[in-house]
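Chain by chain, the residues:
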Amino acid sequence: MPKPIQKSPDKANVREAIANHLNALSDLERKIADYTLANYREAAMLSIGELAGACGVSNTTINRYARNLGYDGYHEYRRTLRDEISEKTSLTLLKGMVRQGGSTEILNISLKEDSRLIDGLSDGIDAAAFEDTVARILSARRVFVLGNGSSAYLAGYLAFNLLGLGIDAQEFGDQSGVEGAARRALQITDKDLMIAIAFPRFSSLTIDFVTTAKETGCHIIAITSSLSGPLAHNSDAVLFAPPRRDLHSGSGVPAMALIEAIITAVTASAKSAEDAASRLSTLIDHHLL
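What you see is a predicted model, and the numbers here were worked out from it, not measured in a lab. (Residues numbered from 1 in each chain as written. Predicted model: local features only at pLDDT ≥ 70, side-chain atom pairs only at ≥ 80, totals over all residues. Heavy atoms only, no water.)

1. Points about the side chain of T36
For the record, the criterion: Secondary structure is summarised from DSSP: a helix means a run of H or I of at least four residues, a strand means a run of E of at least two, and numbering begins at the N terminus for each. Distance and chemistry together define a polar contact, namely a pair of N or O atoms within 3.5 Å, with one atom able to donate a hydrogen and the other to accept it when in protein, and with adjacent residues in sequence counting only for side-chain atoms on both sides. Two residues qualify as a contact provided that any one of their heavy atoms is within 4.5 Å of a heavy atom in the partner residue.
In this fold, T36 is placed in helix α2 (residues 27-38). A polar contact is formed between the side chain of T36 and the side chain of Y77, at a distance of 3.2 Å. Setting aside chain neighbours within four positions, we find T36 in contact with A43, Y65, Y77 and L81.

Below you can see the structure in the form of structure tokens.
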């Protein structure tokens with residue numbers, strides 16, 4: 001039987017709370033603690049349902065675990081965890097590195113971290129899902145690429161390059177505004193494909209538009225870093241792009257590498273790609289210096 005736990009007067013450090021109360025945690029609660037310690041940054045971004053799914057436990061167990069560590073509940077537990085890995089903490093670390101080895105040291109470490117992420121991407125990608133993504137892009141009447149926040153730029157890049165290959169690709173999200181995105185959403189049918197790009201914390205706009213598209217019978221492919229998040233839950237297939245870095249914040253490099261791979265595969269497979277590239281070149285060459 002777990003021992004009764006007194007409320008901790010100091011709730012500033014989740015690692016310490018786990019260490020101090022480890023012997024009083026049940027087996028399921030220790031499983032949550034293990035996951036948190038192994039995935040500290042990612043765990044701070046997960047909703048209670050996402051963490052429960054990742055650990056194979058119930059939401060009730062997650063709340064009980066948080067209270068047994070001395071927090072009022074999961075909300076306070078996650079807020080404390082986020083505070084620990086806040087941008088302020090990361091910035092302090094980065095400034096210390098600059099003082100010790102200059103910006104070149106950060107460059108070297110950053111490149112190594114992104115290289116590690118790409119290696120993880122190649123090891124963890126679902127080859128069948130990737131092949132299916134390329135095939136669906138080629139066969140869809142239209143390809144809608146959705147992204148909000150920083151993901152809007154990734155969505156725009158993918159849509160821009162697919163257009164150059166003769167694919168009817170339309171980007172929507174932040175850059176077109178809510179009303180513009182809503183107007184595009186009205187056009188979606190079951191003959192179309194949606195590629196939704198999002199990473200925790202998720203924009204409710206992204207999830208709302210994905211849900212709307214799914215109701216039409218449109219096939220949804222997610223590019224995300226959370227296999228148990230709301231985007232993956234509402235999608236037909238997931239291409240996993242892990243963004244987590246030890247240095248500073250998440251990286252867009254794995255997602256961009258995945259997008260570049262999609263563009264390259266479509267280029268190699270699309271019958272219209274060569275003709276589209278030739279026509280595009282004719283149209284823009286005289287404008288280029």
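Still to come is the rest of the account.
2. Considerations on helix α11 (residues 204-215)
To be explicit about the condition: A helix is expected to reach a length of 1.5 Å times the quantity of its residues less one. The buried label applies to any residue whose accessible area, calculated with a 1.4 Å probe on protein chains only, is under 20% of its type's maximum; exposed applies above 50%, and partly exposed to all values in between. It is the directions from the helix axis to the C-beta atoms that the arc portrays.
Its twelve residues place the ends of α11 17 Å apart at the C-alpha level, agreeing with the 16 Å of an ideal helix rising 1.5 Å per residue. Looking only at α11, the buried set comprises T206, I207, F209, V210 and A213. Buried residues in α11, looked at end-on, bunch into an arc of 165 degrees, giving them a common side. Exposed residues lying more than 90 degrees from the buried face of α11 are S204 and E215. Directly beyond the C-terminal end of α11, a positive phi value near 95 degrees is found at G217.

3. A look at the packing of aromatic side chains
Operational definition: Any two rings among Phe, Tyr and Trp, with Trp reduced to its six-membered ring, count as a pair given centres within 6.5 Å; such a pair is stacked if its planes are under 30 degrees apart, edge-to-face if over 60, and tilted if neither.
Following the criterion strictly, the structure yields five aromatic pairs and no others. Ring plane angle 80 degrees and centroid distance 5.8 Å describe the contact between F172 and F209, whose orientation is recorded as edge-to-face. Of this pair, F172 sits in strand β2 (residues 169-173) while F209 sits in helix α11; the two residues are 37 residues apart in sequence, bridging distant segments of the chain. With respect to class, F172 is no different from F209; both count as buried. Here the aromatic cluster, defined as three or more aromatic residues joined through ring pairs, consists of Y65, Y71, Y74 and Y77.

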